[in-house]
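Observations on chain architecture
Chain by chain, the residues run as shown.
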Amino acid sequence: MELTDFDTLTFDCYGTLIDWESGIFEGLKHLLERAKTPLTRDQVLGAHARHESSQQKYTPAKRYQELLPIVYKRLAEEWGLPFTHEECVAYGRSVRNWPAFADSAEALQYLKKHYKLVILSNIDNESFTYSNARLNVEFDAIITAEDVGSYKPSPRNFEYMLEKLGERGIRKEKILHTAESLFHDHKPANEFGLASCWIYRRYSQPGFGATMNPGAQPNIDFRFNSMADLAKAHREALAKQ
């Protein structure tokens, strides 16, 4: 299997293209300052993953910017910290401030010359517009949790994506699903028979950060530690042809 075997890259966005862990931690900064016992970054991200995943299961149709305020409330309650409704709402809007990884935009601009680029993300449409501006590329399709009414790893999101791309003549065997999260993306990609590319942003860190433990390790067809490494590998694959 070669990178040049595919004509479409379907991307998770947050954790893969956008540095959501830095965005989450920064967005919770004022809440964390109230903690009597300091919490580590990974403790914060792990708790966030747990509450976010639970909330997405119980309120799958809620827009992400409306779901995050509930996560903020649950975190404050768990840590015994005072909070206000206004703070919860502000946290829901903080996605617009989350930074892109330094290599994302340049790599996407290169890959756009060779592939159709598709977003499959647990985000709402309004919030994604701010992230898209940071990525500086025109995606061929943008599929959000708001569009589908559920959150990955629900199979509904992948069913919807494959149906909509199939209507445009994009065949499943020509799709390479590209993502950081084993839980949200690679495990369901395996279940749908999609080839997968792991952008392992956390390669130098233990644990799963802001994503849940997937349990058994999913099958991975390609692994790179950054988007820049993916673009470089594609250049090398082209050179061999």
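Within every chain, residues take consecutive numbers counted from 1 along the sequence as written. Restriction of local features to residues with pLDDT of at least 70 applies here, the model being predicted, together with a cutoff of 80 or more for giving and counting side-chain atom pairs; totals for whole chains, interfaces and linings are based on all residues. Values reported for side chains reflect all heavy atoms of the structure, with hydrogen atoms and water molecules removed beforehand.

Per an unreviewed UniProt entry, the protein goes by the name Haloacid dehalogenase, type II and belongs to Paraburkholderia fungorum.

**What to know about the overall build of the protein**
Where we set the bar: Each helix is a run of DSSP H or I of at least 4 residues and each strand a run of E of at least 2, with the numbering of both proceeding from the N terminus. The globule rule is 2.2 Å times the number of residues to the power 0.38, and the radius of gyration it is compared with is taken over C-alpha atoms. Any two residues having at least one pair of non-hydrogen atoms within 4.5 Å are treated as being in contact. Each accessible area value is a Shrake-Rupley result obtained with a 1.4 Å probe; residue values ignore everything except the protein chains displayed when judging cover.
The secondary structure content of the protein amounts to 11 helices and 6 strands. The C-alpha atoms of the protein give a radius of gyration of 18 Å, which matches the 18 Å a tight globule of 241 residues would have. Counting only C-alpha atoms, the protein reaches 60 × 35 × 35 Å along its principal axes. The long-range fraction of contacts in the protein, counting pairs at least 24 apart against all pairs at least 6 apart in sequence, stands at 71%. By element, 49% of the accessible surface of the protein is carried by carbon and sulfur atoms, the whole surface being about 11,100 Å².

**Observations regarding the pattern of salt bridges**
This is how it is decided: Counted as salt bridges are all cases of a side-chain nitrogen of Lys or Arg within 4 Å of a carboxyl oxygen of Asp or Glu. Between buried and exposed lies partly exposed: a residue is buried under 20% and exposed over 50% of the maximum accessible area for its type, with that area taken using a 1.4 Å probe on protein chains only.
The tally for this structure, following the rule as stated, stands at 16 salt bridges. The partner of Glu126 in a salt bridge is Arg63, and the shortest N-O contact between them spans 3.9 Å. Taken together, the residues Glu126 in helix 7 (residues 125-135) and Arg63 in the loop between helix 3 (41-58) and helix 4 (64-79) connect sequence positions 63 residues apart. Between Lys112 and Asp140 there is a salt bridge whose closest N-O contact spans 3.0 Å. One end of the pair, Lys112, is in the loop between helix 6 (104-111) and strand 2 (116-121); the other, Asp140, is in the loop between helix 7 and strand 3 (141-144), with 28 residues separating them in the sequence. Exposure remark for Asp140: the relative accessible area of 27% places this residue in the partly exposed category.

**Overview of the domain arrangement of the protein**
Under the convention used in this document: Reported domain spans reflect what an automatic or database domain assignment gives. Buried area is understood as the total, over both parts, of accessible area removed when two parts are fitted together, assessed with a 1.4 Å probe.
Its domain assignment divides the protein into domain 1 (3-19 + 99-239) and domain 2 (20-97). Domain 1 and domain 2 are separated by 24 Å when their C-alpha centres are compared. In this assembly, 27 residues from domain 1 lie in contact with 24 residues from domain 2. It is Asp19, Tyr151 and Ala210 that lose the most area in domain 1 upon contact with domain 2, and together they represent 30% of the buried surface on that side.

**Some remarks on the pairing of strand 3**
Filter applied, for reference: In this scheme, strands are said to pair when DSSP sees at least two bridges between them.
In the sheet, strand 2 pairs with strand 3 via 4 bridges, with the strands oriented parallel. Looking at the pairing, Ser121 lines up with Thr144 of strand 3.

**Thoughts on helix 10 (residues 182-191)**
Residue pairs spaced three or four apart in an α-helix point in one direction, given the helix's 3.6 residues per turn. Which entries qualify depends on this criterion: Contacts described as polar in this section are N or O atom pairs within 3.5 Å, which, within protein, must combine one atom able to donate a hydrogen with one able to accept it, while residues neighboring in sequence count only if both atoms come from side chains.
Taking burial as the measure, the 10 residues of helix 10 include 7 buried ones, the bulk of the element. Inspection of helix 10 places Leu182, Phe183, His184, Asp185, His186, Pro188 and Ala189 among the buried residues, and these make up the whole buried set. Buried positions along helix 10 lie against helix 3, helix 9 (155-166), strand 4 (175-179) and strand 5 (195-199). If you check the start of helix 10, you find a side-chain oxygen 3.3 Å away from the backbone N of Phe183, and it comes from Ser181.

**Thoughts on the environment of Arg74**
With respect to the secondary-structure elements, Arg74 resides in helix 4. Each C-alpha atom of the pair Arg74 and Glu52 lies 9.4 Å from the other, and the pair is 22 residues apart in sequence.

**Remarks on the pairing of strand 5**
Our working definition: Handedness rule for crossovers: strands pointing away from the viewer, path from the first strand over the helix to the second running clockwise, crossover right-handed.
Counting buried positions along strand 5 yields 5 of 5 residues, so the element is predominantly enclosed. Burial of the side chains of strand 5 extends over both faces: Ala195, Cys197 and Ile199 are buried on one face and Ser196 and Trp198 on the other. Summarising the sheet, strand 4 and strand 5 pair through 4 bridges and their orientation is parallel. Looking at strand 5, one finds that His177 is bridged to Ser196. For the handedness criterion, the β-α-β arrangement of strand 4, helix 10 and strand 5 is classed as right-handed. Note that strand 5 and strand 6 (residues 222-224) share 3 bridges and pair parallel. Residue pairing in the sheet places Cys197 in a bridge with Phe222 of strand 6.

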